[in-house]
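# Structural characterization, general
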Amino acid sequence: MKPHLAVLTRALATAAALLCLAAASDPSERLKDPAQEARARALFQEIRCVVCQNESIDDSDADLAGDLRRMVREEVAAGRTDAQIRTGLVDRYGEFVLLKPRFSWTNAALWTAPFLVVILGGVALLVATRRSRQVQPAELTPEEEARLARLTDNTVPPVDEITSKGRP
Amino acid sequence: MIAELGAFALLLALCLSAAQAGLSAAGRGLNSPLLRGAGEGAAAAAFGAVAIAFAALTVAFVTSDFSVANVAANSHTDKPLLYKVAGVWGSHEGSLLLWCLCLTGFGAAVALLGRGLPAGLKALTVASQGALGVLFLGFAVFASNPFLRLDPAPLQGRSLNPLLQDPALAFHPPFLYGGYVGFSIVFSFAVAALIEGRVDAAWARWVRPWTLAAWSLLTVGIALGAFWAYYELGWGGWWFWDPVENASFMPWLVGAALLHSAIVTEKRGALPGWTVFLALAAFTFSMLGAFLVRSGVLTSVHAFAVDPARGVLLLGILGIAAGAGFALFAWRAPSFAPGGVFAPVSRESTLVLNNVFLSAATATVLLGTLYPLIVEAVRGDAVSVGAPYFNLTFVPLLAAALLILPAGPLLAWKRGDLKGVLQRLWAAAGLAVLASVAAYALYDPKKAFAALGVGLGVWLIAGALVEVGERAKLGRVPGAEAWRRLKGLPRGAWGMTLAHVGLGVFVLGACTETAWKVEAAETLALGQTMRVGAYELKLEQASSVDGPNYLAERGVLVATKGGREVCRPEPERRFYPASRQTTSEVALCFRGLSDLYVVLGERRATEAGEPAWLVRAYWNPWARLIFLGPLLMAIGGAISLSDRRLRLAAARKAAPAAKVEAAA
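Criteria and cut-off values
Residues numbered from 1 in each chain as written. Chains lettered and ligands numbered in written order. Predicted model: local features only at pLDDT ≥ 70, side-chain atom pairs only at ≥ 80, totals over all residues. Heavy atoms only, no water. Helix = DSSP H or I, 4+ residues; strand = E, 2+ residues; numbered from the N terminus. Expected span 1.5 Å × (residues − 1). Buried < 20%, exposed > 50% of the residue type's maximum accessible area, 1.4 Å probe, protein only. Polar contact = N/O pair within 3.5 Å; in protein donor to acceptor, adjacent residues only side chain to side chain. Phe/Tyr/Trp six-rings, centres within 6.5 Å; stacked < 30°, edge-to-face > 60°. Lys NZ or Arg CZ within 6 Å of the ring centre and 35° of its normal. Pairing = 2+ DSSP bridges. Axes fitted to C-alpha atoms, helices over the stretch in contact; angles between N-to-C directions. Parallel < 35°, antiparallel > 145°, perpendicular 65-115°, else oblique. Left-handed = near helix turned anticlockwise from the far one by under 90°. Contact = heavy atoms within 4.5 Å. Salt bridge = Lys/Arg side-chain N within 4 Å of Asp/Glu carboxyl O. Nonpolar A, V, L, I, M, F, W, Y, C, P; charged D, E, K, R; others polar. Disulfide = S-S within 2.5 Å. pLDDT = per-residue confidence, 0-100. Core = buried A, V, L, I, M, F, W, Y, C linked by side-chain atoms within 4.5 Å. Lys, Arg positive; Asp, Glu negative; His and termini not counted. Domains from an automatic or database assignment.

## Observations regarding helix α7 (residues 167–196) of chain B
All names here are of chain B. Across its 30 residues, α7 extends 45 Å between first and last C-alpha, which sits within 8% of the 44 Å expected from 1.5 Å per residue. Of all 30 residues making up α7, 24 are buried, and the element is well covered by its neighbours. In this structure aspartate 166 caps α7, since a side-chain oxygen of it lies 2.9 Å from the backbone nitrogen of alanine 168.

## Quick word on the packing of aromatic side chains
Residues and elements named next belong to chain B. Taken as a whole and judged by the stated rule, the model has 33 aromatic pairs over all chains. A cation over an aromatic ring shows up here: lysine 446 above the ring of tyrosine 440, its NZ or CZ 5.6 Å from the ring centre. Cation over ring: arginine 624 sits above phenylalanine 590, and NZ or CZ is 3.8 Å from the ring centre.

## Observations concerning unusual backbone geometry
Residue and element names in this part refer to chain B. That bond from aspartate 151 to proline 152 is cis: its omega, 0 degrees, falls within 30 degrees of zero. Cis geometry is found at the peptide bond from aspartate 444 to proline 445, where omega equals 0 degrees. Residue position: proline 445 is located in the loop between α15 (426–442) and α16 (448–471). Here asparagine 31, not a glycine, exhibits a phi torsion of approximately 55 degrees, which is positive. Residue placement: asparagine 31 occurs in the loop between α1 (2–29) and α2 (33–62). The exposure class of asparagine 31 is exposed, given its relative accessible area of 56%. With a phi angle near 55 degrees, tryptophan 241 is a residue other than glycine that sits in the positive phi range. Looking at where tryptophan 241 falls in the secondary structure, it is placed in the loop between α8 (201–232) and α9 (243–268). The class for tryptophan 241 is buried, based on a relative accessible area of 9%.

## Observations regarding the pairing of strand β2 (residues 529–532) of chain B
A one-sided burial pattern is seen for β2 of chain B, the buried positions being Met530 and Val532 of chain B and the unburied ones Thr529 and Arg531 of chain B. Counting the residues in the hairpin turn of β2 of chain B and strand β3 (residues 535–546) of chain B gives two residues, including glycine 533 of chain B, whose phi is positive at 60 degrees.

## Things to note about the packing of α2 of chain B against helix α5 (residues 92–113) of chain B
All names here are of chain B. At a closest axis distance of 8 Å, the pairing of α2 and α5 adopts a crossing angle of 150 degrees. Accordingly, the angle class assigned to the pair α2 and α5 is roughly antiparallel. Considering the relative orientation of α2 and α5, their crossing is left-handed. Residue-level inspection shows Glu40, Ala43, Ala44, Ala46, Phe47, Val50, Ala51, Ala53, Phe54 and Leu57 of α2 in contact with α5, the latter providing Gly94, Leu97, Leu98, Cys100, Leu101, Thr104, Gly105, Gly107, Ala108, Ala111 and Leu112.

## Let's talk about the pattern of salt bridges
If you walk through the whole model with that rule in mind, you get 36 salt bridges over all chains. As a salt-bridge pair, arginine 41 of chain A and glutamate 519 of chain B come within 2.9 Å of each other at their nearest N and O atoms. Separated into two different chains, arginine 41 of chain A in helix α2 (residues 34–44) and glutamate 519 of chain B in strand β1 (residues 518–525) make up a pair that spans both. In this structure, aspartate 381 of chain B and arginine 379 of chain B form a salt bridge, with 3.4 Å as the shortest nitrogen-oxygen distance. Given a relative accessible area of 37%, aspartate 381 of chain B falls into the partly exposed group. Within the structure, one salt-bridge network assembled from shared partners comprises Arg554, Glu570, Glu572, Arg574 and Glu585 of chain B.

## A short note on the packing of helix α10 (residues 272–295) of chain B against helix α12 (residues 347–378) of chain B
Helix-helix packing is characterised by the crossing angle of the two axes and by the distance between the axes. Residue and element names in this part refer to chain B. Relative to each other, α10 and α12 sit at 25 degrees, their axes nearing to 13 Å. Put simply, α10 runs roughly parallel to α12. At the point where α10 passes α12, the crossing takes the left-handed sense. Where α10 abuts α12, its residues Trp274, Leu278, Phe285, Leu288 and Leu292 lie against Asn355, Ser359, Thr362, Leu366, Thr369 and Leu370. By residue class, the composition of the contact of α10 with α12 is seven nonpolar, four polar and no charged.

## Some remarks on the state of the cysteines
Residue and element names in this part refer to chain A. A complete count under the given rule lists two disulfides over all chains for this structure. Through a disulfide, cysteine 49 is tied to cysteine 52; the S-S separation comes to 2.0 Å. Handedness of the cysteine 49-cysteine 52 disulfide follows from its S-S torsion of about 55 degrees: it is right-handed. For the pair cysteine 49 and cysteine 52, a shared accessibility class is recorded, and that class is buried.

## Notes on the sheet that holds β1 of chain B
All names here are of chain B. What the four strands build is an open sheet, ordered β1-β10-β9-β8; its pairing is antiparallel. Two strands bound the open sheet, and with one partner strand each, they are β1 and β8 (587–591). Averaged over neighbouring strand pairs, the angle between their axes works out to 20 degrees when direction is ignored. The pairing of β8 with strand β9 (residues 594–605) spans five bridges and is antiparallel. For cysteine 589, the partnering residue across the bridge sits in β9 and is leucine 596. Seen against the sheet, α8 touches β8, β9 and β10 (611–620) and runs at an angle of roughly 45 degrees to β9.

## Concerning the confidence of the model for chain B
All names here are of chain B. Residues at a pLDDT of 70 or more form 96% of chain B, whose mean pLDDT is 90. Of the regions scoring below 50 in pLDDT, residues 649–664 engages in zero contacts with residues more than four places distant in sequence or in other chains. The complex model carries a pTM of 0.89, and its ipTM stands at 0.82.

## Concerning the nonpolar core
Residues and elements named next belong to chain B. Counting residues in each nonpolar core, the largest one holds 132 residues, and the members touching the most others are Trp99, Phe136, Phe189, Trp203 and Phe283. For this core, the element with the highest residue contribution is α7, accounting for 15 residues. Apart from residues no more than four positions distant in its own chain, phenylalanine 189 is found in contact with Val110, Leu117, Leu121, Thr125, Trp203, Trp206, Val207 and Trp210. By size, the runner-up hydrophobic cluster in this structure holds 22 residues, among which are Leu169, Val220, Ala229 and Ala510.

## Details of the side chain of serine 67 of chain B
All names here are of chain B. For serine 67, the position within the fold is in the loop between α2 and α3 (69–74). Among the polar contacts made by the side chain of serine 67, one reaches the side chain of aspartate 65 at a distance of 2.6 Å. Here arginine 149 takes part through its side chain, which lies 2.6 Å from a polar atom of the side chain of serine 67. Contacts of serine 67, omitting those with residues within four sequence positions, involve Leu148, Arg149, Leu150 and Ala153.

## Considering the side chain of glutamate 232 of chain B
Residues and elements named next belong to chain B. Here glutamate 232 lies in helix α8. Put simply, glutamate 232 is tucked away with no salt bridge, and the nearest opposite charge, on arginine 574, sits 6.3 Å away. If we ignore the near neighbours within four places in the chain, the residues touching glutamate 232 are Leu163, Asp166, Thr583, Ser584 and Glu585.

## Notes on the confidence of the model for chain A
Regions with low pLDDT should not have their predicted coordinates read in detail. Residues and elements named next belong to chain A. Here chain A averages 75 in pLDDT, and 70% of its residues register 70 or above. Highest mean pLDDT in chain A belongs to helix α4 (residues 82–93) (93); lowest belongs to helix α1 (residues 5–15) (39). pLDDT under 50 marks residues 1–20. Its contacts with residues more than four places away, or in other chains, come to 38 contacts. Overall, residues 156–168 carries pLDDT values under 50, and its contacts beyond four positions in sequence, including any with other chains, amount to 13 contacts.

## Considerations on the domain arrangement of chain B
Annotation of chain B at the domain level lists domain 1 (1–165), domain 2 (197–412), domain 3 (425–516) and domain 4 (519–620). Its C-alpha centre places domain 1 of chain B at a distance of 44 Å from the equivalent point of domain 3 of chain B.

Shown next as structure tokens:
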């Protein structure tokens, strides 16, 4: 099965659409002004290729992604702001097109939940340590501490721990 | 014949798992050593039966037996042997068989190796693992049987997706599943402890090595997957916050939290309920991952073996197993004694804080992954949650956890001396600040957050080394004495240090690569050049190549830096006729810790009509560290594991000596 270059080239061309290759960096698409191009690329990473399997238009090689890139680049070149461009895309494709959901009341749960978990955990930790302070008002002597460690551990700690206990 | 043998062995394994669950549970209930032993024997036999089934499927793949439907769909006679074997776990059915192999394997390991376990706890653990085996083997036998025949058998198979024909990906699933399913034994330990009503230091000590083993395997599996994505997908990314990646990351995060909370339970008897909760959660997230990846409810670039009908069955299994586990938890956990007390500044507190941040990070990944489903169910709208969301939420949570990390191991249990610890860490802090400033000043373009990230990486590495130095009393005792202490440190201590250093190494690499990678793409005719970072690339020649099961176009480029040749990258663009797919074979030039990454794109024509090729190149500074870090973490885990075994063996050796003394 010796490959003939013509056959190979045709096969590669037909199969090219299957392959995703950081399509946005294609030199034939680029804007002349590097600052504008950088802005467009940053925007691409936040915009979903709506027909693809969870890819941004920066990564996708699909035709629609190419169309969207062209559109965004034109708007960047025309001097529209990022917010205007995003709004325009949402008007056309819905919120689905944004890989970064907007900060809005409807998305409040999404954006605040991570930090609520931290606050909850912090409160739980404070409550736990406060409770332990009530339980244990007096300082233990080193002898008592060692005995307590033996009792709660119910095994003899390894040697390094005995020595490390002497550390300030 | 081989396929029938496999099908029979699989069915036998299902029956043996049922026997394992029934006999072990009865052995505990009736307090009968005979029944308990029979349950353990059934556990070992179930593993043996699944191993036979697995071997049978492997033989079918290696001999290209296309009368087996699964082989016909996933293999091809031209495929290299490695990928014929890897094809075994390349499909829905085969990967589920691998899952069952790990599940029964861990069950057999506890049955055969867990000699020192209390009899009741061990019997219930083996029983619970058997029940899990029944669920998954039942699914394999009745809904996902890899041994179904085709009649008439096709002459040729449809081959494995060429993107998956890669060494890193061939070994990715065994490690990943070892990790995913390794958490099943931790789940079973938790179920057993809940039924027994005792979660104490001894229980935590038994759970820790299994957690460590599963977590280390998962670390390697995820890192291999990331490395594969890095060089096989052809755009130099290694983590995309894709639902499938998140599915593997959540059990990892919970496993990491569990490793740390189990230390608190083992050493101080505190947090028993929370540790059991995490033990249940880790495998629940593994099952959730299996469901998300295979059901197609979330769209993903890596959508793998998607089958919605069987996805519903997997959801059912998840509901039964996790539902039973957490119902048991809700019933029994409130009766647990709260355990040891500790002050706000103590090693316990930092470990709890670690758990708070890791839990928040897990919750973030879970919410971000499922949010589109939730919104669609509640509001009927379609929304997307992609990488930008995770970068804004997960990264700060992780950074906060990493910031407090070096202080943890230096603080004393119960009540620590924060001032003393900070005094010991000043050198590490100074180095970190210096690294941040240097990164900000030297790298172009200037990126403040990435520079802080570099500082954080140095803080982790230096902090871990300071801790080792403290243990050896380096600088406070004579050199020989410090060296003796250093050699005498338990392997567990070295394992922890290595894992924390690995984390720092990863942070260094991830921040540097993400912030300062350079990308370039040009259409090059033969002899033309392009620049990427400090390098110049010249396309010297392009030729066609005949691979074992593909045709390729290969570009030969010369990379020079300052006029001196540094390497000759040879990227390929491959076409696999069997599946009519094209892949790109990236050429990597190792430049120390950094990579020059070259991809051959499609063939085009210059304006003059000459043939030309689209060439993409990236300069990925310190990319090597992104994969070296997780490797160090996994090695750290393995070293800690070896420590445990040594200590147990030493205890056993010491016991007869004590007896002799007593006799004398």
